[in-house]
Amino acid sequence: MKTPLLAFSASAIVLTTSTYAGVNGTYKVSGSETVNGQRYAFTGTVAVSKYKSGTYAFKFSDGEKVTYTFAFSKPLKETKQTQTVSAFNNLGTSTATFVEKGGKATIKFTYRSKDGSVRGTGSGSK
């Protein structure tokens, strides 16, 4: 009698865990960047780790590839509520909004260089 109950409980935990995406991980993203008035489309990833940092890795429509690391101004939380955080590095600032709905985690973000000559926006999901 204990074995079927244990198997049922374990499968319920596995199903519950797999439907919650969580905020950490890699998001496939797309968007565009404007540099001195010239617009470039990009695809790539945003990887979030340990709730407090991450990496943008983009491939632009002109073939250029770039990778930027960043730190969040405050740690993210594991929550199903929408959360918006600022991020920064030595090149500029960024704002990202994370949403978890129906087991799917999404991100929307903007970024800007320190001198304002580069601006970008993008979105994606896990």
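Residues numbered from 1 in each chain as written. Predicted model: local features only at pLDDT ≥ 70, side-chain atom pairs only at ≥ 80, totals over all residues. Heavy atoms only, no water.

Q: Describe the sheet that holds strand β2 (residues 38-49), and please don't skip the residues or the numbers.
A: Reading around the barrel, the 8 strands line up as β1-β2-β3-β4-β5-β6-β7-β8 and close back on themselves, with antiparallel pairing between neighbours. The sheet shows a mean angle of 25 degrees between the axes of neighbouring strands, direction not considered. Where strand β1 (residues 25-35) and β2 come together, 11 bridges link them in antiparallel fashion. Bridge pairing links K28 to T45 in β2. (Pairing = 2+ DSSP bridges. Helix = DSSP H or I, 4+ residues; strand = E, 2+ residues; numbered from the N terminus. Axes fitted to C-alpha atoms, helices over the stretch in contact; angles between N-to-C directions.)

Q: Pulling in residues and values, what's your account of empty space enclosed by the protein?
A: One pass over the structure, following the stated rule, counts 1 cavity of 30 Å³ or more. Considering only enclosed or pocket space, the largest cavity measures out at about 70 Å³ in volume. Lining the largest cavity are 13 residues; nearest its centre among them are V23, T79, F98, V99 and E100. For the lining of the largest cavity, the secondary structure elements donating two or more residues are β6 (92-101) and β7 (104-113). No other element matches the 3 residues that β6 contributes to the lining of the largest cavity. (1 Å grid on protein atoms, 1.4 Å probe; cavity = no way out; pocket = protein on both sides within 12 Å on 5 of 7 lines; lining within 4 Å. Points joined across faces, edges and corners; volume = space filled by probe spheres on them.)

Q: So what's going on with the nonpolar core? Residues and values would help.
A: Ranked by size, the top nonpolar core spans 22 residues in total, and within it V46, F58, F98 and F109 carry the most contacts. Of all the elements, β7 adds the most residues to this core, at 4 residues. Excluding residues within four positions of it along the chain, F109 makes contact with V29, F42, V46, Y56, F58, T95, A96, G120, T121, G122 and S123. (Core = buried A, V, L, I, M, F, W, Y, C linked by side-chain atoms within 4.5 Å. Buried < 20%, exposed > 50% of the residue type's maximum accessible area, 1.4 Å probe, protein only. Contact = heavy atoms within 4.5 Å.)

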